[in-house]
Amino acid sequence: MSGTEYRFDGLDAWERRLAQLIERQYPAEFRELVIQIARELQTKVKEKTPVKTGRLQDSWIVGDIVKRGDCYYIEVYTNVEYAAMVEYGHRRQGGRGFVPGRHMMELSLIEVQSRLTPFLRQWLHDFINSHEA
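Please read these numbers as outputs of a predicted model, since none were measured by experiment.

The rules behind the values
Starting afresh in each chain, residues are numbered from 1 along the sequence in its written order. Selection of residues for local features in this predicted model requires a pLDDT of at least 70, selection of side-chain atom pairs for listing and counting requires 80 or more, and totals for whole chains, interfaces and linings are taken over all residues. With hydrogens and water set aside, each side-chain value is computed from the structure's full complement of heavy atoms. Secondary structure elements follow DSSP: runs of H or I of four or more residues count as helices, runs of E of two or more count as strands, with numbering from the N terminus. Radius of gyration: over C-alpha atoms. The globule rule applied is 2.2 Å multiplied by the number of residues raised to the 0.38 power. Each residue is assigned to one of three classes by its accessible area relative to the maximum for its type, calculated with a 1.4 Å probe on protein chains only: buried under 20%, partly exposed between the two thresholds, exposed over 50%. Contacts are assigned to residue pairs with any non-hydrogen atoms lying within 4.5 Å of each other. Methods summary: accessible areas were calculated by the Shrake-Rupley approach with a probe of 1.4 Å, and residue burial reflects only the protein chains presented. Charge counting treats Lys and Arg as positive and Asp and Glu as negative, with His and both chain ends excluded. Think of each charge as sitting on NZ of Lys, CZ of Arg, CG of Asp or CD of Glu. Confidence of the predictor at the level of single residues is given by pLDDT, which spans 0 to 100.

## Things to note about the overall build of the protein
- When you go through the protein residue by residue, the secondary structure sums to five helices and six strands.
- For the protein, the α and β elements follow one another from N to C terminus as α-α-α-β-β-β-β-α-β-β-α.
- Relative to the compact-globule value of 14 Å for 133 residues, the protein shows a C-alpha radius of gyration of 18 Å, a clear excess of over 25%.
- When its C-alpha atoms are laid out on the principal axes, the protein stretches across 65 × 25 × 25 Å.
- The buried share of the protein, taken over its 133 residues, is 33%.
- A sequence separation of at least 24 residues applies to 62% of the contacts in the protein between residues at least 6 apart.
- A total accessible area of about 8600 Å² is found for the protein, and carbon and sulfur atoms account for 50% of it.
- Each charge sign in the protein was given a centre, from 19 positive and 19 negative side chains, and these centres are 8 Å apart.

Listed below in structure tokens is the structure:
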């Protein structure tokens, strides 16, 4: 199971330009912001992952951050082989019924994305205030 892509949707044009300027001038701080968002997603997914043995819940990983062109990518994922069955649901053994999916990643993404715009605005505000001459 792989993560998602974050975009700066919801920010106005000025805020997007400011974020791009910060990314160019202060790449370490910008990378830390991306990692912080990925860690928040990881926390939310872990909270929503059902616990039988704890293996799946403990397996969520924040991958390495990669820059391709003007975009940063980072994955939140698990290598546990049955994660997709828990996320999306599966047939019971013997074909007797269906176990509904728990949608822990999907619900966590919705939750994080719904708070992303105000979070980014606050981050930009704090960044500007801490870097004033």
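Picking up after the structure, the text goes on.
## Some words on the confidence of the model for the protein
- Looking at the protein as a whole, the pLDDT averages 86, with 91% of positions reaching at least 70.
- Between residues 2-6, whose pLDDT stays under 50, and residues either more than four places distant or in other chains, the model counts 18 contacts.

## Some remarks on the environment of Phe30
- With respect to the helices and strands, the residue Phe30 is situated in helix α2 (residues 27-48).
- Judged by its relative accessible area of 4%, Phe30 falls in the buried class.
- C-alpha of Phe30 to C-alpha of Phe127: the two residues are 97 residues apart in sequence and 9.9 Å apart in space.

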